[in-house]
Amino acid sequence: EHADRIDRAVVFNIPPPQAWAKAVATGGESTSWYRTAFKVPFLPELALRTLEYRVLVNTFKEDAAAGAFSDDDIAIYQSAWARDNAISTMLGFDRADGVDFASALPTGAREPRTLFIGSAGDRYVPDGSLDATEDLLGSENVEVWQNTSHWVLQEEPSLSASTMADWFRDDG
């Protein structure tokens with residue numbers, strides 16, 4: 001509605017829907033046990049709450065670099081997850097996996113100008129999705145960071161901040 005108010009954007013981790021769909025269509029893994037389990041109505045929310053979100057906390061501890069999430073960080077996430085409808089909203093992305101929403105989106109030049117930052121070690125996105133993102137946005141608008149996991153912002157906060165500052169400051 002007010003696209004003229006946004007000049008540029010930075011997106012971390014999750015490729016554009018068109019890139020995700022292209023990666024899946026060309027053989028990238030899309031369905032995982034957790035995406036399948038999350039499609040069941042109400043049960044995942046109940047299980048996560050009952051287990052005090054330990055499954056989610058364990059993804060931080062198992063996937064992220066040591067020290068990326070402090071105990072205080074985890075407590076903040078747990079508090080946020082406990083809010084009404086927070087988990088259902090979060091699971092919405094996984095529940096939509098396989099829906100052909102990408103075909104309804106525009107192709108060609110992207111507005112606003114978008115920088116995508118992803119991780120070569122992200123186990124939550126399909127194989128090939130980073131290449132498909134580069135095809136879509138152009139290699140100059142995609143950074144793939146090595147030695148990080150899905151939790152790029154938490155693992156590389158200084159690099160994330162300086163990259164975003166440079167992107168928003170650039171006149172190009």
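Our subject is the structure listed above.
Per chain, the residues get numbers from 1 upward, laid out in the order the sequence is written. With the structure being a predicted model, the display of local features is reserved for residues of pLDDT at least 70 and the display and counting of side-chain atom pairs for 80 or more, all residues being used for whole-chain, interface and lining totals. Think of the side-chain values as coming from all heavy atoms in the structure, minus any hydrogens and water.

Asks: Outline the overall build of the protein chain, listing residues and values.
Replies: Put simply, DSSP marks the helices as runs of H or I at least four residues long and the strands as runs of E at least two long, and each gets a number from the N terminus on. What the protein chain contains, in helices and strands, is nine helices and three strands. Listing each helix as α and each strand as β along the protein chain from the N terminus yields β-α-α-α-α-α-α-β-α-β-α-α. Here the protein chain holds 172 residues, and 37% of them are scored as buried. Contacts between residues were defined by any pair of non-hydrogen atoms, one from each residue, lying within 4.5 Å. Within the protein chain, counting contacts between residues at least 6 apart in sequence, those at least 24 apart form 80% of the total. Split by element, the accessible area of the protein chain, about 10500 Å² in all, is 54% carbon and sulfur. Only protein chains enter the accessibility calculation, which uses a 1.4 Å probe; a residue whose area is less than 20% of its type maximum is buried, one above 50% is exposed, and one in between is partly exposed. Only the protein chains shown count as cover for residues, and all accessible areas are computed by the Shrake-Rupley method using a 1.4 Å probe.

Asks: Mind laying out the nonpolar core, listing which residues take part and the relevant values?
Replies: One finds Y53, L56, F60, F69, W81 and I87 to be the most contacted residues of the largest nonpolar core, which totals 16 residues. At three residues, the largest contribution of residues to this core is made by helix 4 (residues 54-63). Not counting the four nearest positions on each side in its chain, F69 is found in contact with F60, A64, I74, Y77, W151 and Q154. Side-chain atoms within 4.5 Å link the members of a nonpolar core, which is a set of buried Ala, Val, Leu, Ile, Met, Phe, Trp, Tyr and Cys residues. Core analysis: the next-biggest nonpolar cluster, separate from the first, contains seven residues, V10, F12, V152 and W167 among them.

Asks: Residue-level account of the pattern of salt bridges, with values.
Replies: Here, a salt bridge means any Lys or Arg side-chain nitrogen found within 4 Å of an Asp or Glu carboxyl oxygen. Tallied over the entire structure, the rule returns six salt bridges. One salt bridge connects D7 with R8, and the closest N-O pair in it is separated by 2.8 Å. A relative accessible area of 13% places R8 in the buried class.

Asks: Hey, could you go over the pairing of strand 3 (residues 142-145) for me, with residue numbers and the actual values?
Replies: Being paired, for any two strands, means DSSP has found at least two bridges between them. Pairing analysis gives four bridges linking strand 2 (residues 113-119) to strand 3, with the strands arranged parallel. In the sheet register, G118 faces strand 3, and the bridge partner there is V144. One crossover worth recording links strand 2 to the parallel strand 3 by way of helix 7 (residues 129-137), and it is right-handed. Handedness rule for crossovers: strands pointing away from the viewer, path from the first strand over the helix to the second running clockwise, crossover right-handed.

Asks: I'd like a rundown of the environment of W145, residues and numbers included.
Replies: Among the secondary structure elements, W145 is positioned in strand 3. A relative accessible area of 8% means that W145 is categorised as buried. Aside from chain neighbours lying at most four places away, what touches W145 is F12, I117, G118, S119, A120, V152, E156, L159, S160 and T163.

Asks: Tell me about the sheet that holds strand 3, residues and numbers included.
Replies: Pairing in this open sheet of three strands is parallel, and the strands run 1-2-3 from one edge to the other. Only two strands of the sheet have a single partner each, and these edge strands are strand 1 (8-12) and strand 3. The average angle at which neighbouring strand axes cross in this sheet is 15°, direction not considered. To get an axis, fit a line to the C-alpha atoms, keeping to the stretch in contact for a helix; angles then go from 0 to 180 degrees between the N-to-C directions. Each of strand 2 and strand 3 is contacted by helix 7, which is oriented at about 165° to strand 2, the strand it contacts most. Sheet contacts for helix 9 (residues 157-169): strand 1, strand 2 and strand 3; angle to strand 1, the most-contacted strand, approximately 155°.

Asks: Just give me the short version of the environment of F168, but keep the residues and values in it.
Replies: Structurally, F168 can be placed in helix 9. Beyond its immediate stretch of four places on either side in the chain, F168 contacts R8, A9 and V10.

Asks: I'd like a rundown of the side chain of T133, residues and numbers included.
Replies: Take T133: it is sitting in helix 7. Judged by its relative accessible area of 0%, T133 is buried. Those residues in contact with T133 that lie beyond four places of it in its chain are P15, P16, A19, F116, G138 and V142.

Asks: Describe helix 6 (residues 86-95), listing the residues and the values that go with them.
Replies: Inspection of helix 6 places I87, L91 and D94 among the buried residues, and these make up the whole buried set. In a view along the axis of helix 6, the buried residues occupy a sector of 30°, so they form one face of it. Looking at the buried side of helix 6, the elements it contacts are helix 2 (33-38), helix 3 (43-50), helix 4 and helix 5 (71-81). The arc in question is the one spanned by the directions pointing from the helix axis to the C-beta atoms.

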